[in-house]
Amino acid sequence: AVREVEEISLLLPQVEESVLTIGKFHNVVKLVAFAPFKSAQSALENINAVSEGILHEDLRLLLETSMPAKKKKALLGVADAKIGAAILEELGYQCQTGGVVAEILRGIRLHFHALVKGLTAQSASKAQLGLGHSYSRAKVKFNVNRVDNMIIQSISLLDQLDKDINTFSMRVREWYGYHFPELIKIVSENYTYCRLAKFIGNRKELSEESLEGLEEIVMDSAKAQAILEASRSSMGMDISPIDLINIESFSSRVISLSEYRKGLQEYLRSKMSQVAPSLSALIGEVVGARLISHAGSLTNLAKYPASTVQILGAEKALFRALKTRGNTPKYGLIFHSTFIGRAAAKNKGRISRYLANKCTIASRIDCFSEVPTSVFGDKLREQVEERLAFYETGEPPRKNLEVMKEAMVEANEVVAEVKRKQEKKEKKKKKREKRRLEALAAAAEEMENSVLEAEVRAGAPGGCLAGGGCGDPAVRGPAVPCPAGFVGALSPPKHSPGPTGEGSSLRGPEEEGAGAPLRARGERAGGRCLAQEEKETDGRGCPAGEEEEEGGQGLGGGLGEQELEQGRAPAAQTLGLAGAQLGTAAAPCLPSRGSRQLHAPECNSAGRPH
C-alpha cells in the first residue's frame, strides 16, 4: 500500500534521499501481502511468464486475495507494461507504469529484506542471483540440434577461409612461378596448383615415371603430358633446396586449409538441414546461412517482412539511393541464388520480389514448426520454378492454395514417420536402460551373497563340522577334511567304519528295503557319536568313553532306535532332521564320562570347537 506521492518533486535530492532511508520510506510504503515462491522451479516459471507478458496463476491468486474488492478505486503499480496490460485484461485492475512507480519499486528492491521478516540482505541477494542465472540459462538453452549460432559462426568462417585461401594461393603461385612459370597457364584452379607445386618440387626431376601421379592430381592425361613437356623447356630460374622446402611446406598448409574448408561446408550443409531445411531446399545452404547470419538469428529472419528480406545485405545501396533520390536496389544477398541469375534482365526485380516472399514463408515454417521438414521448401522451390517459366513462356503456374494443401499432406506423413522413429528409439533406449539396471541389480545381489557367504565361512565352528568332508558345503562353507577315523557330522558317508570294522549303512528303505536295520547302532543317524575302529563301544553303540550329547539333539534323540531299526524313517528325513537340529551349535567332539577322552585336533579341552 502506497500513500499519495507528489510526482513533481520526485527528482529533488531530498526526495531521492528519503527513498534511500528506511525510516522515511516506511512512511510512504507499507507491506500488505507477500507470497514467497514455493521452489526455484516455481520462481523460474513466474519470471518466464512475466517476461512474456502472461499472468501466472501464482500472481493471479496473490492479486485476487490481496487487492481491494472495489477494482475501480484501486490503482496497481507495475514495472512492466506488458504484464500490466495482461492484469487489466484478465482481472480488471487499472495499472500504472513508469514515473513514480519506478522510483517506489527501486526503493522496495533496496529495502526488501527489511520489509519481510526473517529475510536478510545476503539471502535475498543470493536468491536473486540464483534466479537470474536460471532465467539466463533457460533463455540460452534451446534445442541443441536447432541452434543457429553454429550456422552463423560457420558461414563467417567459411567466408574468411575463402579470402585466406585465395590470398595464400596467389602467394604460392607467385613464389613457385619463379621456378616453373608455365604451370600457371596450364592449371588455373588454386587447390590443384598447390598440390602440383608440392608434387613436382624441382621441375628438372620430373620424368615419365611421374606422369601417373600428375594424371591422378589433374584428372586429365592431356594436361599431365603438357605439364611434363613444359617442365623440360621451362624458362624459370633454378631454385635451391631450402627454398623448395619452404614452398612445399607452405603449399601443404594451403592444401590442408582447402580440405578443411570442404569439411566445414559439409558441416554447414548438415546443420542447415537440421535448423532450416525448408530455407535450404529453397535457395541453398550457403545463401540461407548468409541470410540467417545477416539477420542475427533464424527468429529475427522469420520476423522480417518480405521487402526487408529482398534487400537484406544491400543496406548501403538502399540508403545511398534514398539520400541521392535514386533507384533503390532490387535485391541483396538473395542475388546469389540461381533463380535471379537465370531470369532475364527485365524480370530480375520481379523474380527477386517473389523469391523474397517465399524465403520469408520458408523461414517462418522452419522457425515455428515442432518437427522441421524440407517438404515445404521443395514445394516453394517448385513454385519459383513455375514463376520463372511463366515469365519466359507465359505458362500459368499453380495456385498457392493447391500447392500448400499438397505440402501439408506430405508434411504430416513425414512428421508422423519422424515421431514413429523417435518413439522406437525411445523404447530401445528404455529397454537398454532396463537391462543395464537389471544387470547392476544382479551384480549387487551376487556381491551381497558372496559377502554373506564369506561371513558365514568366517563364523563357522571349527573341527570336522566345518563342512566339506564332514558336513554340507552349502551350510558350512569350505571343505575341511576330517581327522583320521572320524565320521562326517552332517552328511555321513554310506560306508563308515563300524564297531567291528564292517561298513555300516545309512541308506533308507528305497535302497536296502523297508525294514532294513541300521547295521551299526553305535553310529547314530545324526552323527553325534564319533566312532573309531580301535575303540570299543558301549551297550548303546557309542565308543567306550564317548557319549551322545544330552537332550537328544542328534537323530537318535529325535527318533527312537526301534523306529530306526524298523526302517520307518527314510534316510532323507534322517539327514534333514540331523541338519536342522545340529545348526551352528553342533559339537564335533564330545567329552566322555570316564577319564579317557577323545578329541579332534581342532577341539579344546572341553570338547567344544575353538
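Note that the structure is predicted; figures quoted are calculated from it, not measured.

In terms of helices and strands, the protein carries 28 helices and 4 strands. Buried positions account for 36% of the 610 residues belonging to the protein. Within the protein, residue pairs in contact and separated by at least 24 positions form 58% of the contacts whose partners lie at least 6 positions apart. Total accessible area on the protein is roughly 36,300 Å²; 55% of this is exposed by carbon and sulfur atoms.

Across all of its chains, the model carries 7 aromatic pairs by this definition. Their ring planes at 70° and their centres at 5.5 Å tell us that Phe 34 and Phe 112 sit as a pair that is edge-to-face. Taken together, the positions of Phe 34 in the loop between helix 2 (22-28) and helix 3 (40-51) and Phe 112 in helix 7 (residues 112-115) put the pair 78 residues apart, joining distant regions of the chain. With a centroid separation of 6.3 Å and an interplanar angle of 50°, the aromatic rings of Trp 175 and Phe 250 are classed as tilted. Of this pair, Trp 175 sits in helix 9 (residues 149-177) while Phe 250 sits in helix 14 (residues 241-275), placing them 75 residues apart in sequence. Residue class for Trp 175 comes out partly exposed when judged on its relative accessible area of 34%. Joined through ring pairs, the aromatic side chains of Phe 168, Trp 175 and Phe 250 make up one cluster. One Lys or Arg, Arg 173, reaches over the ring of Tyr 193 and ends 4.9 Å from the middle of that ring.

This part covers the nonpolar core. With 46 residues, the main nonpolar core has Leu 279, Leu 282, Ile 283, Ile 292, Leu 301 and Leu 355 as its most contacted residues. At 7 residues, helix 21 (residues 348-368) tops the list of elements feeding residues into this core. Apart from the residues within four sequence positions on either side, Ile 283 is in contact with Gly 288, Leu 291, Ser 337, Leu 355, Cys 359 and Arg 381. Counting residues in each nonpolar core, the second largest holds 25 residues, with Val 172, Leu 183, Leu 214 and Ala 230 among its members.

Residues Trp 175, Tyr 178 and Met 237 make up a contiguous nonpolar surface patch of about 330 Å² in total accessible area. Mapped onto the fold, Tyr 178 is located in the loop between helix 9 and helix 10 (183-186). Of the residues examined, Tyr 178 reaches a relative accessible area of 48% and is grouped as partly exposed.

Positive phi, close to 60°, is recorded for Met 219, a residue that is not glycine. Its location among the elements puts Met 219 in the loop between helix 12 (211-218) and helix 13 (221-232). With a phi close to 60°, Arg 325 is a non-glycine residue in the positive phi region. Relative to the helices and strands, Arg 325 resides in the loop between helix 19 (315-324) and helix 20 (338-342).

Attention now goes to the pattern of salt bridges. Scanning the model with the defined rule gives 18 salt bridges in all. A salt bridge links Glu 385 to Arg 342; the shortest N-O distance between them is 2.7 Å. A residue pair is termed long-range when its members are at least 10 positions apart, and Glu 385 in helix 22 (residues 375-393) and Arg 342 in helix 20 qualify at 43 residues. A relative accessible area of 28% places Glu 385 in the partly exposed class.

This next bit is on the packing of helix 9 against helix 11 (residues 190-200). Relative to each other, helix 9 and helix 11 sit at 40°, their axes nearing to 10 Å. Overall, the two elements helix 9 and helix 11 adopt an arrangement that is oblique. For helix 9 against helix 11, the interelement crossing comes out left-handed. Side by side, helix 9 and helix 11 meet where Asn 166, Ser 169, Val 172, Arg 173, Tyr 176 and Gly 177 of the first sit next to Asn 190, Tyr 193, Cys 194, Ala 197 and Ile 200 of the second. Each residue belonging to the contact of helix 9 with helix 11 can be placed in one class, and the counts come to 6 nonpolar, 4 polar and 1 charged.

Turning our attention to the side chain of Asp 366. Within the secondary structure, Asp 366 sits in helix 21. Residue Asp 366 is classed as buried on the basis of its relative accessible area of 0%. Within the structure, the side chain of Asp 366 is placed 3.2 Å from the backbone nitrogen of Ser 278, a separation counted as a polar contact.

Where like charges cluster on the molecular surface, the negative patch consists of Glu 212, Glu 215, Glu 216 and Asp 220. With respect to the element layout, Glu 212 can be found in helix 12. For Glu 212, a relative accessible area of 65% gives the class exposed.

Considering the arrangement of structural elements, one finds Val 287 in helix 16 (residues 285-295). Classification of Val 287 as buried rests on a relative accessible area of 9%. Separated by 47 residues in the primary sequence, Val 287 and Ile 334 have C-alpha atoms spaced 6.8 Å apart. Not counting chain neighbours up to four residues away, the residues in contact with Val 287 comprise Leu 333, Ile 334, His 336 and Ser 337.

A surface patch of like charges, here positive, comprises Lys 421, Lys 424, Lys 425, Lys 427, Lys 428, Lys 429, Lys 430, Lys 431, Arg 432 and Arg 435. For Arg 432, the position within the fold is in helix 23 (residues 400-459).

Let us look at helix 16. Among the residues making up helix 16, those that are buried are Val 287, Gly 288, Ala 289, Leu 291, Ile 292 and Ala 295. On its buried side, helix 16 packs onto helix 9, helix 14, helix 15 (277-283) and helix 17 (298-303). Of the residues trailing helix 16, Gly 296 is marked for its positive phi of about 105°.

Each α-helix turn comprises 3.6 residues. Residues three or four places apart therefore point the same way. For helix 11, a buried count of 8 out of 11 residues is recorded, marking the element as mostly surrounded by other parts of the structure. The set of residues buried in helix 11 consists of Asn 190, Tyr 191, Thr 192, Tyr 193, Cys 194, Leu 196, Ala 197 and Ile 200. Buried residues along helix 11 sit against helix 9, helix 10, helix 12, helix 13 and helix 14. Near the N-terminus of helix 11, the side chain that reaches the backbone nitrogen of Tyr 191, with its oxygen 3.3 Å away, is that of Glu 189.

For the rest of this paragraph, the subject is the confidence of the model for the protein. Of the residues in the protein, 71% reach a pLDDT of 70 or more, and the chain-wide mean stands at 76. Segment residues 462-603 is flagged for pLDDT under 50; beyond a separation of four residues in sequence, or across chains, it makes 230 contacts in the model.

What counts, and where the lines are drawn
Residues numbered from 1 in each chain as written. Predicted model: local features only at pLDDT ≥ 70, side-chain atom pairs only at ≥ 80, totals over all residues. Heavy atoms only, no water. Helix = DSSP H or I, 4+ residues; strand = E, 2+ residues; numbered from the N terminus. Buried < 20%, exposed > 50% of the residue type's maximum accessible area, 1.4 Å probe, protein only. Contact = heavy atoms within 4.5 Å. Areas by Shrake-Rupley, 256 points an atom, 1.4 Å probe, with all protein chains shown as cover. Phe/Tyr/Trp six-rings, centres within 6.5 Å; stacked < 30°, edge-to-face > 60°. Lys NZ or Arg CZ within 6 Å of the ring centre and 35° of its normal. Core = buried A, V, L, I, M, F, W, Y, C linked by side-chain atoms within 4.5 Å. Patch = residues over 30% accessible without salt bridge, like charges linked within 9 Å, V, L, I, M, F, W, Y side chains within 5 Å. Salt bridge = Lys/Arg side-chain N within 4 Å of Asp/Glu carboxyl O. Axes fitted to C-alpha atoms, helices over the stretch in contact; angles between N-to-C directions. Parallel < 35°, antiparallel > 145°, perpendicular 65-115°, else oblique. Left-handed = near helix turned anticlockwise from the far one by under 90°. Nonpolar A, V, L, I, M, F, W, Y, C, P; charged D, E, K, R; others polar. Polar contact = N/O pair within 3.5 Å; in protein donor to acceptor, adjacent residues only side chain to side chain. Lys, Arg positive; Asp, Glu negative; His and termini not counted. Charge placed at Lys NZ, Arg CZ, Asp CG, Glu CD. pLDDT = per-residue confidence, 0-100.

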